[in-house]
Every structure is written in C-alpha cells, then in structure tokens.
Amino acid sequence: MEKKVEGIYDGFKELGTGKMLILGFQHVFAMFGATVLVPLLTGLSVSVTLFCAGIGTIWFYIITKRKIPIFLGSSFAFIGAFNSIANGGDKELLPYATLGVVCAGLIYVVLAILFAIFGAKKVMRFFPPIVTGPIIILIGLNLSGTAISNASTCWWLALVAIAIIIVANIWGKGMIKIIPILLGVIGSYVIAVIADPAVRANLVQNVSDAKWFALPIHMERTVFGLFGRDDLDGHMLLTAAVTIVPLSLATMVEHIGDVSAISSTCNRNYIENPGLHRTLVGDGLATTMAALFGAPANTTYGENTGVLALSKVYDPRVIRLAALYAIILSFSPKFDALVNSIPTAIVGGVSFVLYGMISAVGVRNVVENKVDLTKSRNLIIAAVIFVSGLGFSSTGGITFTVGSADITLTGLAIAALAGVILNAILPGNDYEFGKSVEGDASADLGSY
C-alpha cells in the first residue's frame, strides 16, 4: 500500500511567489557548502562550478519533463582522480582531468540506453553493492592523506571546523542539521578572521582586488582551450579518460540512490516516470557540459532532498529558483575571491570529516543492502577491490602501452574494473535492484 505523504506540489499557487523565492534560497544554502568545497579541493574555479551547477540543474529539469525536484551540485567521487592527474591542482593539468569527466558523463548516456532497452534490474546486476560499496569506501580512504596534510597547516583551526560540523550534525535542528559543512566553513572562518591578522589581511586584499562582475567562464581554461595548445600531451588524455571513466560506476549508483530517495520523499515513482533513463541522461549530459567548461562533475544532491523533507514543498520549480540563484552568484569575482581566501586548514578540517563520511556511506551501502559476507564470492570481490585500490594507489598505478600511447590506470580505476569483472564471472550473484528502497538509496556521497 502506498504511504500517504502530505506536501505541497504547486508552491506558487499554495504559498505565493514571495515564499517560493525564500525557499529557493534555502536550497542554495543546502547545496552551497559541498558544491563550493569541491573546486577548493581540486583547484577548479568556484564561479564556473556554480554557473555549471545552475545550468546543469535546469538542463536536468527540462530532460526529466520538469517533474523531479533535484539539484545537481559538485560530485566528490572524482576528487582523488583529479588530484592524481593534476598533481593537487596544477592549472595546466586540470583540463586533462576535466576531459576524463567529460567521458564519464557520456557513459551515463550509454547506461541510460541500456536501462531503456533491458530494464534497471538486469543492468544493475552488474553493479551490486558488493562492488559499489567497497569502491565508495576506497574513494574516501584514498583522499584521507590530503585531509591530514591540509589540516596540519593549523590544527587548532581545523579542529574548530570539525567541532562545528559535529555539533551541527548531531545536535542541530531543522536547517542547521542539513547544512553542517557550510556552517563549519563559515564558523571557523569567522574565528580565523578574528584571531589571525594574516587571515584578515588576506581576506581584505583578495576581495578588494576582485571585480564585482565578470563572465565566469574563460575559454583557455576549458577543455576547448586544451586542444589549442602546442604542448598537448596524448598520454595524459588517455590516462585521464581511463582513470576517471570507471569511477562513473560509483556516481551512477549514487544517482540511482538519490532518485530512489527523492521518490520516497515526494511519494512519486520517478524511477518509472519520467524514468531512470531520462534522469541518467540529464545527469550525464549536465556532467559532460560542466566538465567541458572547466567545472567538476555534477551529481544529484541528497542535501536538497533533506530540505524537501523538512519544508514539505515538493514543487520542482523551487529547485529551478535555486539554480538561477547559483548562476547569478557565479558572475561575481568578489564572491569567488571570498571563497578562495578560506585558509587551507579549514578545508582540511572539513574534508577530514567529509572524506571519512564518504567511506562510511560505502559501509552503509553494504550493510543496508544486507550483503552476505559469509559467501566466498563476496569476500573475494571485496578483498580484491580493497587491495587493488589501496595497493596500486601507493605504487602509482599501472602504466601500459597501447600502440604508441602510454596509459596509466590509478588504483581506484583498477579496483573498479576488477570488481565489475569478478562480479560478472563469479557464480552466485543474487542482487536484485528495487527489492529494498532503503538499500537502493544508501549510496549517496552527498549525504552527511
């Protein structure tokens, strides 16, 4: 029997324009902390990220027949791959990493076609939780060193950020509980500005030198600008694609989990109507578009689903308003400068919690899908994924030659490929997609 959910599905009619405009701002706050944190961790532009998140959300809204209230923000799944390809934010190498994300977004389109032809249950048998769960765990573990390195630049400030996040997430009520990352960044930054004259001086200089208005996208920093270079590196092109594309496995499962969660929240079966094939195409093409212009991959945001559950306003147009606000913010270099003046230690403290939570999401994915680890096949798959992901990451991956081109596979890429292949060839795969709504919605990397 379908549960009864009370909510507002036509906000402009029932609440009026004024309240809907305010609710749109609430969704901006919910997505803001995580969306802005990704470019800070990878060296990408905050302005371009906000612009592409807004455009990508509107694009998704159109492709899914204007039915689903989902915001597309920055994905954490590719941070490790970005850092390995671009050496922690090298401006010259970042376009190679974004080109890999372009290819990953197109994989969504391929998967959408498979979903449309064969149905979700048959396709998802190749991506069960015993594969996706350990890969999500590895995404967080591979990033842990970066969190420690950044936090160690000023431990007391990092600990302040961690403490604020914990208090907001555990004891916070309403909206405070939904935006702990944003509160952690703002709260610790205010304390840093008060306590440290150097932070104050850096803030004043960065913001005062920046313009009020400018176009967010600069073509020379995009994938298009990459192909205008005389020093184009074919090896890096192939390595970026082969490294990042397998990680779309984790983001695809995250996407399906978010669509399942939003369906449950709004009491609408969005998996059937407008269908996973449409949502995957919308997410994939939004990711490809964002990466082409130098932004991180887009992904469906569980944070905004939390706001929907809190407000009971399920009108998709409230998300469209949030997307428009994000686009408007992207045209302010002063805002970009403000975000980029955040001390490294605060970023470290926030990522200290965030990366651990990504790994915890992987554990939750395994637990809530009731994966039977007494079965030898499952233990073997998990074991090979963990050793491949951690072991090969510590040695720099594997480099091999195809024709005249050298290709490097990172530990995460090797782990993903090994898990999918082993799951396909070993007997005893009993995973059935759609059997557990709770399990299907448990792979959301954006929930914390």
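Structure report, in brief. (Residues numbered from 1 in each chain as written. Predicted model: local features only at pLDDT ≥ 70, side-chain atom pairs only at ≥ 80, totals over all residues. Heavy atoms only, no water.)

Re the layout of surface pockets
To find leftover empty space, a probe the size of one water molecule is rolled over the atoms. Volume-wise, the largest pocket comes out at about 610 Å³. As for the largest pocket, its lining consists of 32 residues, and the residues nearest its centre are Gly43, Leu44, Ser45, Lys91 and Arg221. Listed by contribution, the elements that provide at least two residues to the lining of the largest pocket are helix 2 (17-42), helix 3 (46-63), helix 5 (94-118) and helix 18 (333-340). Sort the elements by how many residues they give to the lining of the largest pocket and helix 18 lands first, with four residues. For the lining of the largest pocket, the class distribution of residues is 15 nonpolar, eleven polar and six charged. (1 Å grid on protein atoms, 1.4 Å probe; cavity = no way out; pocket = protein on both sides within 12 Å on 5 of 7 lines; lining within 4 Å. Points joined across faces, edges and corners; volume = space filled by probe spheres on them. Helix = DSSP H or I, 4+ residues; strand = E, 2+ residues; numbered from the N terminus. Nonpolar A, V, L, I, M, F, W, Y, C, P; charged D, E, K, R; others polar.)

What to know about the side chain of Thr251
Note that Thr251 resides in helix 14 (residues 248-266). Residues within four places of Thr251 in sequence aside, it is in contact with Ser75, Ala77, Phe78 and Tyr108. (Contact = heavy atoms within 4.5 Å.)

As for the packing of helix 14 against helix 15 (residues 271-292)
Two numbers describe how helix 14 lies on helix 15: the axes approach to 11 Å, and their chain directions differ by 145°. Regarding helix 14 and helix 15, the two cross each other, and that crossing is right-handed. For the pair formed by helix 14 and helix 15, the contact residues are Met252, His255, Ile256, Val259, Ser260 and Ser263 on the first element and Ile271, Leu276, Thr279, Leu280 and Asp283 on the second. Tallied by class, the residues present in the contact of helix 14 with helix 15 amount to six nonpolar, four polar and one charged. (Axes fitted to C-alpha atoms, helices over the stretch in contact; angles between N-to-C directions. Left-handed = near helix turned anticlockwise from the far one by under 90°.)

Focus on the packing of aromatic side chains
Scanning all chains against the criterion turns up six aromatic pairs. Consider the rings of Trp155 and Phe352, whose centres lie 6.3 Å apart with planes at 80°: the pair is edge-to-face. Taken together, the residues Trp155 in helix 8 (residues 155-171) and Phe352 in helix 19 (residues 344-368) connect sequence positions 197 residues apart. According to the relative accessible area criterion, Trp155 is partly exposed, its value standing at 37%. Three or more aromatic residues joined by ring pairs form one cluster here, namely Phe51, Phe213 and Phe331. Over the ring of Tyr9 we find Arg268; its NZ or CZ atom is 3.9 Å from the centre of that ring. Here Lys334 stacks its cationic end above the ring of Trp212, 5.0 Å away from the centre of that ring. (Phe/Tyr/Trp six-rings, centres within 6.5 Å; stacked < 30°, edge-to-face > 60°. Buried < 20%, exposed > 50% of the residue type's maximum accessible area, 1.4 Å probe, protein only. Lys NZ or Arg CZ within 6 Å of the ring centre and 35° of its normal.)

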